[in-house]
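A look at the structure
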Amino acid sequence: MLPGRLMLDLEGPQLTDDERLLLQREAVGGVILFARNIINREQVEHLTAEICSLRPELLLAVDQEGGRVQRLKEGFTRLPAMRQLGCLYDLDASAALEAARLMGQLMAAEVIDVGLDISFAPVLDLDYGQSEVIGDRAFASDTGTLIRLAEAFIDGMHRAGMAATGKHYPGHGHVAGDSHTCLPVDHRSMQQIRDTCLKPFVALAPRLQGIMPAHVIYTALDDRPAGFSRPWLDLLRKELKFSGMVFSDDLTMAGAGAAGDFAQRAEAALSAGCDQVLVCNDRAAALQVLEWLESSNAGCCEAASGLKANPPTGGDWLASPEALLARQLAGLLVDKELQAALHLLV
């Protein structure tokens, strides 16, 4: 059985009987874990193993960016906000690039080690100092710095065997509104967007296996949010030559509400060019989308197979001296001890 078009979440740290039946429905294509699903490493390993015993093809995801967006905590390395890599870059570019690679590899290796496939990372948004929801999740406010650090972070993810998913296309950082709670509108010209926010996606599209569009309206090209916009997703596919998988952002977010009820949101996202839709924190909404997918014969999501974890064979990198260095470095960056981090690297 191939994975379906819906990625959904779970109620708690163990599967319920209803969820065991739910995950076996063909239109389900993935599961995303949140903090309520996670107790410790052993419990997560047991949970992912049970999911895989039911449907081994399902894509298993988590948000493990670092900083304030880190779901896996007990038994996992505390990761820094990506902004700390940007601060390190201001002191020593070469050391910061090595640090970014190590953070990407450490994050991905720990996530894969407990049976998950992907973390929705990296964030490719620029920080303009006006978006609280992005803020220090961004590597930098300078485009060139962001691209170089993100490229190194992606390289680390790839070394660990994890696909990289860039978000939030074509850039969420310029709008002040949080698309979780409202529908932000970016009124900049197309040239302004091309000269800034779009550049990381242009530069890194060949290295990304997934992309997540923003629930933001960019009026220069369309009056619909990017994840529901055929013009924006056509630009991604045709101009940026992106050939990977496009995930909708969570369809229960306020920024998705303009597309209608949950089934209409899913239809709008898939019609625009998304490959898989996320419906989180609302089981009734997920069931509505699932029933619509089944009644509309939406088909499978073959692209999801390309994002399954593919860890290298031979040796346990997490037990290596380099992984120990990465953990020490992460601790220093979390504590904003940049000079000590440099001494560790140089």
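In the block above lies the structure referred to throughout.
All values reported here derive from a predicted model rather than from experimental measurement. (Residues numbered from 1 in each chain as written. Predicted model: local features only at pLDDT ≥ 70, side-chain atom pairs only at ≥ 80, totals over all residues. Heavy atoms only, no water.)

Looking at the side chain of D9
Just so we agree on the cut-off: Helical segments are the DSSP runs of H or I of at least four residues, strand segments are the runs of E of at least two, and each set is numbered from the N terminus. Polar contacts, as counted here, are pairs of nitrogen or oxygen atoms within 3.5 Å of one another; within protein the pair requires one atom able to donate a hydrogen and one able to accept it, and residues that are adjacent in sequence qualify only if both atoms are side-chain atoms. It only takes one pair of heavy atoms within 4.5 Å for two residues to be counted as in contact.
By the secondary structure assignment, D9 is in the loop between β1 (6–8) and α1 (17–22). Within the structure, D9 has its side chain in polar contact with the side chain of R36 (distance 2.4 Å). Of note is the side chain of D9, whose polar atom sits 2.6 Å from the backbone nitrogen of N281. Apart from residues no more than four positions distant in its own chain, D9 is found in contact with I32, F34, R36, V279, C280, N281 and R283.

Overview of the pairing of strand β7 (residues 165–169)
Put simply, the test is: Exposure is judged per residue with a 1.4 Å probe applied to protein chains only, and the accessible area is read against the type maximum: over 50% gives exposed, under 20% gives buried, and values in between give partly exposed. Only when DSSP finds a minimum of two bridges between them are two strands counted as paired.
Of all 5 residues making up β7, 5 are buried, and the element is well covered by its neighbours. As paired strands, β7 and strand β9 (residues 210–213) are joined by 4 bridges and run parallel to one another. What sits directly across from G166, in β9, is I211.

Side note on the sheet that holds β9
As a reminder, the rule being used: To get an axis, a line is fitted to the C-alpha atoms, and for a helix only the part in contact is used. The angle between two axes follows their N-to-C directions and goes from 0 to 180 degrees.
The sheet built from 3 strands is open, its strands ordered β7-β9-β11 with parallel pairing. Single-partner strands in this sheet number two, and they are β7 and β11 (245–246). Along the sheet, helix α8 (residues 230–239) contacts β7, β9 and β11; its crossing angle with β7, the most-contacted strand, is approximately 140 degrees.

As for the packing of aromatic side chains
In plain terms, the rule: Pairing of aromatic rings covers Phe, Tyr and Trp, the last counted by its six-membered ring, and requires centre-to-centre distances within 6.5 Å; plane angles under 30 degrees mean stacked, over 60 mean edge-to-face, and any other angle means tilted.
Taken as a whole and assessed by the stated rule, the structure comprises 5 aromatic pairs. Both rings, one in F139 and one in F153, keep their centres 5.9 Å apart while their planes meet at 65 degrees; by these two values the pair is edge-to-face. With F139 in the loop between β6 (118–119) and α5 (143–160) and F153 in helix α5, this pair connects stretches of sequence that are 14 residues apart. Comparing F139 with F153, the two get one shared label, buried. Taking the centre distance of 6.0 Å and the plane angle of 85 degrees together, the rings of Y169 and W232 count as edge-to-face. On the criterion of sequence distance, the pair formed by Y169 in strand β7 and W232 in helix α8 is long-range, its members being 63 residues apart.

Some words on unusual backbone geometry
Cis geometry marks the peptide bond from A121 to P122; its omega dihedral reads 5 degrees. Locating P122 in the fold gives a position in the loop between β6 and α5. A cis amide bond links K167 with the next residue in sequence, H168, at an omega value of 5 degrees. With a phi angle near 50 degrees, N297 is a residue other than glycine that sits in the positive phi range. Assignment of secondary structure puts N297 in the loop between α10 (283–296) and α11 (321–334). Even without a glycine there, the phi angle at K336 is positive, about 60 degrees. Among the secondary structure elements, K336 is positioned in the loop between α11 and α12 (338–345). For K336, a relative accessible area of 58% puts it in the exposed group.

As for the pairing of strand β2 (residues 28–33)
For clarity, the cut-off: Here a crossover is taken to be right-handed if, once the strands point away from the viewer, the path from the first strand over the helix to the second is traced clockwise.
Burial runs high along β2: 6 of the 6 residues are buried. Inspection of the sheet shows β1 paired to β2 by 3 bridges, in the parallel sense. Within β2, the residue paired with L6 across the bridge is V28. In this region the chain leaves β1, passes through α1 and returns to the parallel neighbour β2; the handedness of that crossover is right-handed. Pairing of β2 with strand β3 (residues 59–62), which is carried by 4 bridges, proceeds in the parallel orientation. Residue pairing across strands places L33 opposite V62, the latter belonging to β3.

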